[in-house]
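Take a look at the letters that make up each chain.
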Amino acid sequence: MKIVICYFSGTGNTRKIADCFAEYMREHDNDVRVFSIDGLTLNKKLPDETVEEIKTCDLLGFGYPVYAFNAPPIALTFAKKLPRLAQPKRAFIFNSSGEPLRLNNISSLKLCGILRRRRIEVTNEYHYCMPYNIMFRHSDEMAHKMFETAKRLVPLDAREILEGQKHRLKRIKCGNTIAWVMRCEQWGGQLNGRMYRVSKECVHCGKCVTNCPTHNIRITEKGKFKFGGKCLMCMRCAHLCPQNAIRIGMFNGWKVNGPYTFVAPKTDEKKQHYNRMLTKAYAQYFENAEKRIADADRETTNRNDDEQII
Ligand SMILES: Cc1cc2nc3c(=O)[nH]c(=O)nc-3n(C[C@H](O)[C@H](O)[C@H](O)COP(=O)(O)O)c2cc1C
C-alpha cells in the first residue's frame, strides 16, 4: 500500500509521532512517504509532485499539534489547497497536545470538513499527550513517560488503520461552536507575533530566521529583527533559540525554552511533574493507555494461540 503522511510540527513532538507511524507502516511492507508541510503553503499552489503523491496514494495521514483546541492554521491552509479527488480516499489523523483533556478532540472538526469536501474521508483519529511547548515545562520524567507511552500506542493504532478498523475520538457537545470561538487564538497569535522582541543575549546565529515555518522573521540591514504578521505561534523560534533571547509578546511568561531530551532522568534527578494542573487527567491518560496496551497484548496472544491450533 502506498501511504503519504503529511504533518506540521512546531517544536518536534508531532514529528516524532509521524516518524513512529511511518516506521511501523514501513515494517509492514508499505511504501510510506512522510513530509512536513512547512513552507508548502507559502505559494499559491501546492507543488505538482506533492499533489501527484497524494492523488496516487492509497491512504493519507495528517498530523498536527493542537492549538487552542483547533488544528493550526497552516494545516487548514494545506488541506484547502488540496484538489477535489476523482476517487474517494481514506485518511487518518493524529495530533499531539500538552494536556489529555477530551476537549482537544474537537480540534479536527474543521480539518475533517475541509478534507471531506475534497473526497478525503477521515476514518481514524488518534490523540497523543506530549510535553507542552507553551505554558509550562513538563519535567524530563513526564516528557519521557509521554513519549514512551506514545511509542507503545502508535503500533496499535497503526495496525488498526492497516486492518481497516475505524476509530473516531469522542467529542464533547457543542464542539463546533467551541472550536469556532477558540479560533480567535489564530488572530491573536498573528497580532502577538508582531510583539515578539529579541533581547541583548542574541548572538545573531539566525536560527530563528531559518527555522520559522512561515518565513515571518527577517533581519534588516541594520541588524534589527523584524517580526511580521504571519506568526502561527508555533513557538519554534523561541523554543529552539540557543540563547533564550526571544520574548514572545504577551505570552512571555508562558515561554518554554530548550528542546526536551525525552531521556529518562537518573533516579536522583527525578522531579515531580511540578505543575499540579490536571494531575488526575494525566493519571487517567496513562491508565487508559496501559489498559489499551494490555488488551492488545492479550488479543495478540489469543490470535497466536488460535493460529497454532489451526
Ligand atoms: C499556541 C499554542 C496553543 C496550544 N494549545 C493547546 C491546547 O489547546 N491544548 C493542549 O493540550 N495543548 C496545547 N498546546 C500544546 C501543544 O499542542 C503541544 O505541546 C504539542 O505537543 C506541540 O507539538 P509540536 O512540538 O509538534 O509543535 C498549545 C501550544 C501552542 C504553541
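Predicted, not measured: the structure shown is a model, and the values here were computed from it. (Residues numbered from 1 in each chain as written. Predicted model: local features only at pLDDT ≥ 70, side-chain atom pairs only at ≥ 80, totals over all residues. Heavy atoms only, no water.)

Asker: So what exactly am I meant to see when it comes to the site of the ligand here?
Answerer: Close to the ligand lie 24 residues; Ser 9, Thr 11, Thr 14, Val 66 and Ser 96 are nearest. One of the backbone N or O atoms of Glu 99 is found 2.9 Å from an oxygen atom in the ligand. Across the complex, the protein chains shield 95% of the 640 Å² of accessible surface that the ligand would expose by itself. Of all the cavities here, the one that holds the ligand is the second largest pocket. Elements with a minimum of two residues in the shell around the ligand: helix H1 (13-27) and strand E4 (89-97). Looking at side-chain class alone, the shell around the ligand contains eleven nonpolar, eleven polar and two charged residues. (Near = heavy atom within 4 Å. Polar contact = N/O pair within 3.5 Å; in protein donor to acceptor, adjacent residues only side chain to side chain. Areas by Shrake-Rupley, 256 points an atom, 1.4 Å probe, with all protein chains shown as cover. 1 Å grid on protein atoms, 1.4 Å probe; cavity = no way out; pocket = protein on both sides within 12 Å on 5 of 7 lines; lining within 4 Å. Sits in = over half its atoms within 2 Å of the grid points. Helix = DSSP H or I, 4+ residues; strand = E, 2+ residues; numbered from the N terminus. Nonpolar A, V, L, I, M, F, W, Y, C, P; charged D, E, K, R; others polar.)

Asker: Help me understand the state of the cysteines, please; the structure alone is not making it clear to me.
Answerer: Simply put, disulfide is the name for a covalent bond between the sulfur atoms of two cysteines. With the rule as written, the count across this model stands at zero disulfides. Sulfur of Cys 112: no disulfide; nearest cysteine sulfur belongs to Cys 6 and is 14 Å away. For Cys 112, a relative accessible area of 5% translates into the label buried. (Disulfide = S-S within 2.5 Å. Buried < 20%, exposed > 50% of the residue type's maximum accessible area, 1.4 Å probe, protein only.)

Asker: Would you take a moment to explain the domain arrangement of the chain for this structure?
Answerer: Interface size is commonly expressed as the accessible surface area that is lost when the partners come together. If you check the domain split of the chain, you get domain 1 (2-179) and domain 2 (194-254). The C-alpha centroid of domain 2 is placed 26 Å from the C-alpha centroid of domain 1. The interface is formed by 13 residues belonging to domain 1 together with ten residues belonging to domain 2. Counting each side, the surface lost to burial between domain 1 and domain 2 is near 1200 Å², with a carbon and sulfur contribution of 65%. Across the contact surface, domain 1 and domain 2 share one salt bridge. Where Arg 236 meets Asp 38, a salt bridge forms, and the shortest distance between an N and an O atom there is 2.7 Å. Counting across the domain 1 and domain 2 interface gives four residue pairs in polar contact (both at pLDDT 80 or more). Partitioning the side of domain 1 that touches domain 2 into residue classes produces seven nonpolar, five polar and one charged. (Domains from an automatic or database assignment. Contact = heavy atoms within 4.5 Å. Buried area = accessible area lost by both parts, 1.4 Å probe. Salt bridge = Lys/Arg side-chain N within 4 Å of Asp/Glu carboxyl O.)

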